[in-house]
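Letter by letter, the chains look like this.
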Amino acid sequence: MTGPLREREDAHALLTAEAERARTGQGRLVLLRGATGTGRSAVLEAATAHASHLGMRVLRARCSPDDTALPFSSVLHLLGSVPEFADVGPGGDDRGSAARLWRLLRSYADESPLMVAVDDVHLADEASRRWFVEAARRIDRLPVLLVATERSQYDIGPRPAGLTHALSPSVVRTHTLAPLTDDASADLVRAAFPTASDRWTADCVRAGAGSPLLLHALLDDLDGAPPPTAVPRTCAALYPGSYPAAVSWWLDSAGPATAEVARTLAALEQADETASPAAATAAAPTAAAAAAAPAVAAESAAGTVVVTAAEGAAETDSECASKAATDTLAALVADASGTDPARVSGWFTAMTRLGVLRPDRTGRPRYAHPLLRDGVLSGWSTDRRQDAHRAVAQAMLRRGDHLDAVARQLLGSAPTGLPWALRVLRDAATVAARDDRPGDAVRYLRRALQEPLPDDLRQRLLTELGSLEYASADTPAGIPRLAEALDLPAEPRDQVRTAIALGTALVGRGEVRTAVEVLRRLEATLAGHPDLARALQTASALLSDQDQTVRREAYRWLTDTAERSPELVGASGQALLVRYAATAGDLPAREAMRRLRTLLTEPADPLAEPFLLGTAAAVAQWADELDEAERLVERGLAGQHPTLLHPMEQALLDTRWDIAAARGAYGTLLTARPGAPRARRTGGPVNADAHTLLALVETGRTAQARVLADTFDLRDAPDSWELNRFLYARGVLRLTEGDVAGALHDFLECGRRQSARAVLSPVVTPWRSAAAECRLALGNPQEALALATEELRLARVWNTPRTTGRALRVLGRATRGRRGLELGAEAVAVLRESPAEAELVASLLAHGRQLTDAGERGRGRDLLREGAERAERLGSVRLLTHAEQALRTAGGRRTTPAHTGSGALTGSERRIAELAAEGRTNTEIAELLHVARRTVETHLTSTYRKLGIRRRGELRGVLDD
């Protein structure tokens, strides 16, 4: 150890005073105690130098465990350093040898005051220890200062009694060297690296762990890589390696039992560090520990929060929780290492006081720095580390710890071949996938595949792993993994699951035709399994939606087969044909829903049921049956296996977005937008992007909408229905920005692409109405009239308020005159029965402008005011702006809207609020009104905001006002 000493003034003062006292003939024993690395030897060396300066003779000895075989070995080393006593050795009799050695020491003291310096006296042989004790009793009238250093660290294996155990306090002065404070350590760092930042300095302080030995070794290693180079987190990054050598020496000094516990803790902590935040929260040891709040906190460069308690502070609830967390961890480490839990808990306490360990937010002790933890682990071979992780996992399993915590330990272990290990890894993967942590699930399954497995189980795990790798954006790994699974022998049902997952992944990469061919090849081998063959046929048709050419082929085959042999396509295939007819403009909503409800009552194979539910949900949303659509979505998502890739999962999520958009729930659309939908990897825009773009426009955030629109180069986007949705949304943005020609181009391109896919009905994208409004703005009323007329014809086929009312509104504007007014009024009347509030607002504004232009200003202003109030409640800044402009043009002004009070509630909000005020739960309300629980929660949240209340108990009083 090199470098200046810090915070050792008290020790130096004591030794200086005792040296002066010894020179007057009043000798004493001074015992310097302290943990390994606290600088006992350095203080002793400074004391000998001072004694020499005072003219005292100095005798030195450093005890070693290698010398214990020879009695009086340490005393002989001490006296052997003096030339005139170099040939002195012990006799055969211990008592006689001790006396002779004492006479030699005394004769030496007669010549000059003497300092006898004995380092590491705890390592002395037993005869020498007895001799030092006897000498301490007899030097009080001699000019002899006996200074000894002794290790006093708490270890797992109890240490023997110390040197002064049998001595009277009057003949010995004991001084314990405390670990360095953070301030003193920081001074040492800045002395070595004056330009170091506070953060870099703090990192070094934590890695030094209050030990001068470790800190100086670290600074020596960092001399070749000064700041701003980051302080390493692993010993491999250090050169020449003084720091890991110092850590190893520290562990060796503590003994094998302590080293085993220290390394077991390091292995456990290392596994914890790999956990995602959600997994770490789920696997927190206890609620009490998780609630622990540290008194003082500071963040390290590694992101770990460490705490130090104020000295002398009274025990608080937080401290009790921290102790509970420490005891829990101690029991685990003790179980895994085969050690006494009480000794482990005591060691944690001792190491925390020294600074080697520091409690985290939950109160659990952790190594003060990752570099220190790595140094502790560096003394273990790979095999030994793996054994430790397995032992910890078994101990956790016995205690009933969280699956995530056990599985993380197994990640670091070698294959065990034990059933419990495979079970834990598979269950943990399922939980992680369900909690939307695909990265964690992937790690668990990869480890599970290292276990010895039969082919059928390996096939299932490969399918799950490939699905999750794809879901976690590791597409290159996921698809080969799924292809490998499909080649393994397995039950037909498992093969179908694998093929559907592989097809979904291939479509996500833009390989639609390849995906369909994979499914058809497997279908050809399933002659004896008609239900499974039907599931593959349905999956092929659904996946073909991403390519218009493949889609035409798939639906042509499905249609022909259904006409010849309806039983061959099954309920899910027939549902897809209902959806196809709806989008083609061949079927009214009432008939479509009748057919689908009938199909939903038929028994369904579990593999085919998701297709049926998802298709029915999409059609129900188009049919304005939003509550029913939401129930179907939730039912379908609940049936999805969290570790299996399935095309219907994304379809259901897309329908959920469509429902929110139909309701005008712009806040939901803007806060719930995912970063990357699970089943889309091609780089083009997805349905969520289109809805987000429209929500940004409606809420007046056109600048943000423009940024999102410019994110995608649509020239390279795949030819899919999602691209068409995005073209429509971008057209709305361009129209709002005043780029009418650009908007018209987007709407017409959307229509061209939709028509090529045989999607003619306005149930998906009302591009004709939007294009007609652009034609009107550009002064082409005849072309606008043709587009609007065709839109209304198709809308009346489907015959729902939303599509019909929207088409009537635009046709009314294009027709003008008395007939235009009639169409506008009809649009408003129709949409009052629709859940699509935004469409009603748009029609109120359009008809209000029609009336004011026709001279009926009073009626027109009333409609414009109603539209403005509804737009404000809806949160549509775009429509509210149009309403206020129209009112100003009409010479009117808005009345004060009902921002608060029961008058601000919609009909649905009031019904739900009244039931909640009666004491019914959200689940009871959902069942009573036949809506999804999510709908109830959404409406209640909106109700609380409008009424200015915070809790359910306040509803009755507010509603009665």
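Residues numbered from 1 in each chain as written. Predicted model: local features only at pLDDT ≥ 70, side-chain atom pairs only at ≥ 80, totals over all residues. Heavy atoms only, no water.

Along the backbone of the protein there are 46 helices and 9 strands. Relative to its length of 961 residues, the protein is extended, with a C-alpha radius of gyration of 40 Å against a globular reference of 30 Å. Along the first, second and third principal axes, the C-alpha set of the protein runs to 130 × 70 × 55 Å. Taken over 961 residues, the protein has a buried fraction of 55%. Taking the contacts inside the protein whose residues are at least 6 apart along the sequence as the reference set, 68% of them involve residues at least 24 apart. Per element, the accessible surface of the protein, about 40400 Å² overall, is 50% carbon and sulfur. Charged side chains in the protein number 118 positive and 123 negative. The centres of these two groups are separated by 4 Å. (Helix = DSSP H or I, 4+ residues; strand = E, 2+ residues; numbered from the N terminus. Rg over C-alpha atoms; globule rule 2.2 N^0.38 Å. Buried < 20%, exposed > 50% of the residue type's maximum accessible area, 1.4 Å probe, protein only. Contact = heavy atoms within 4.5 Å. Areas by Shrake-Rupley, 256 points an atom, 1.4 Å probe, with all protein chains shown as cover. Lys, Arg positive; Asp, Glu negative; His and termini not counted. Charge placed at Lys NZ, Arg CZ, Asp CG, Glu CD.)

Within the open sheet, the 5 strands sit side by side as β2-β3-β4-β1-β5. Their pairing is parallel. Bordering the open sheet on either side are β2 (57-62) and β5 (172-177), each of which pairs with just one other strand. Taken over all neighbouring pairs, the strand axes of this sheet differ in orientation by 15° on average, direction set aside. Sheet topology places β2 next to strand β3 (residues 114-119); 6 bridges connect them, and they run parallel. Directly across from R57, in β3, lies its bridge partner L114. (Pairing = 2+ DSSP bridges. Axes fitted to C-alpha atoms, helices over the stretch in contact; angles between N-to-C directions.)

This brings us to the packing of aromatic side chains. In total, this model carries 6 aromatic pairs according to the counting rule given. Geometrically, the ring pair formed by Y728 and F747 is tilted, given 5.4 Å between the ring centres and 50° between the ring planes. One end of the pair, Y728, is in helix α34 (residues 721-737); the other, F747, is in helix α35 (residues 740-756), and 19 residues separate them in sequence. Residue Y728 shares its accessibility class with F747, and that shared class is buried. Cation over ring: R551 sits above Y555, and NZ or CZ is 5.0 Å from the ring centre. (Phe/Tyr/Trp six-rings, centres within 6.5 Å; stacked < 30°, edge-to-face > 60°. Lys NZ or Arg CZ within 6 Å of the ring centre and 35° of its normal.)

Let's shift gears to α34. Its 17 residues place the ends of α34 25 Å apart at the C-alpha level, agreeing with the 24 Å of an ideal helix rising 1.5 Å per residue. When you tally the buried positions in α34, you get 14 out of 17 residues, the bulk of the element. In the stretch just after α34, G738 is the one whose phi turns positive, near 95°. (Expected span 1.5 Å × (residues − 1).)

Running from amino to carboxyl end, helix α32 (residues 687-698) crosses α34 at an angle of 15°, the nearest separation of the two axes being 8 Å. Between α32 and α34, the angle falls in the class roughly parallel. Note on packing geometry: the crossing formed by α32 with α34 is left-handed. Every residue of α34 that contacts α32 at N687, D689, A690, H691, L693, L694 and V697 is listed here: W721, E722, R725, F726, A729, R730, V732, L733 and T736. (Parallel < 35°, antiparallel > 145°, perpendicular 65-115°, else oblique. Left-handed = near helix turned anticlockwise from the far one by under 90°.)

Our next topic: helix α20 (residues 455-471). Relative to the 24 Å expected for 17 residues at 1.5 Å per residue, α20 spans 24 Å between its end C-alpha atoms, a close match to the ideal helical length. The buried fraction of α20 is high, at 13 of 17 residues.

Before going further, it helps to spend a moment on the pattern of salt bridges. In this structure the tally under the stated criterion is 72 salt bridges. Residue R437 pairs with D435 through a salt bridge whose shortest N-O separation is 3.5 Å. Put simply, D494 and R497 hold a salt bridge, and the shortest N to O gap is 3.1 Å. Taken together, the residues span about one helical turn, with D494 and R497 both in helix α22 (residues 492-508) at a distance of 3 residues. For D494, a relative accessible area of 11% translates into the label buried. Overlapping salt bridges bring together R233, E269, E273, R366 and R373 as one network. (Salt bridge = Lys/Arg side-chain N within 4 Å of Asp/Glu carboxyl O.)

Residues P227 and P228 are joined by a peptide bond in cis, for which omega reads 15°. Here the bond from Y239 into P240 is cis, since omega is 10°, no more than 30 degrees from zero. Residues other than glycine seldom take positive phi values, yet F72 does so here, at roughly 60°. With respect to the helices and strands, F72 occurs in the loop between β2 and α3 (73-80). Backbone geometry at N799 places phi at a positive 65°, although glycine is not the residue there.

All chains considered together, the criterion is met by 6 cavities of 30 Å³ or more. The computed volume of the largest cavity comes to approximately 490 Å³. Along the wall of the largest cavity there are 29 residues; nearest its centre are L542, D545, R579, A651 and W721. Mapped by element, the contributors of at least two residues to the lining of the largest cavity are α22, α24 (530-543), α26 (570-583), α28 (609-622), α30 (647-663) and α34. With 6 residues, α30 is the single largest residue contributor to the lining of the largest cavity. Here the lining of the largest cavity is composed, by residue class, of 13 nonpolar, 8 polar and 8 charged. (1 Å grid on protein atoms, 1.4 Å probe; cavity = no way out; pocket = protein on both sides within 12 Å on 5 of 7 lines; lining within 4 Å. Points joined across faces, edges and corners; volume = space filled by probe spheres on them. Nonpolar A, V, L, I, M, F, W, Y, C, P; charged D, E, K, R; others polar.)

On the surface, a cluster of negative charge is contributed by E7, E9, D10, D183 and D187. Elements that contribute at least two residues to the negative patch include exactly α1 (9-23) and α6 (182-192). Tracing the sequence through the fold places D183 in helix α6. Under the relative-accessibility criterion, D183 is labelled exposed at 61%. (Patch = residues over 30% accessible without salt bridge, like charges linked within 9 Å, V, L, I, M, F, W, Y side chains within 5 Å.)

Once that is clear, we can look at the pairing of β3. Among the 6 residues in β3, 6 count as buried, and that is most of the element. Here β3 shows two buried faces, one formed by L114, V116 and V118 and the other by M115, A117 and D119. With 5 bridges joining them, β3 and strand β4 (residues 144-151) adopt parallel strand pairing. Paired with V118 across the strands is A148, a residue of β4. Regarding the hand of the β-α-β motif, the stretch spanning β3, helix α5 (residues 126-138) and β4 is right-handed. (Right-handed = clockwise from strand over helix to strand, strands pointing away.)

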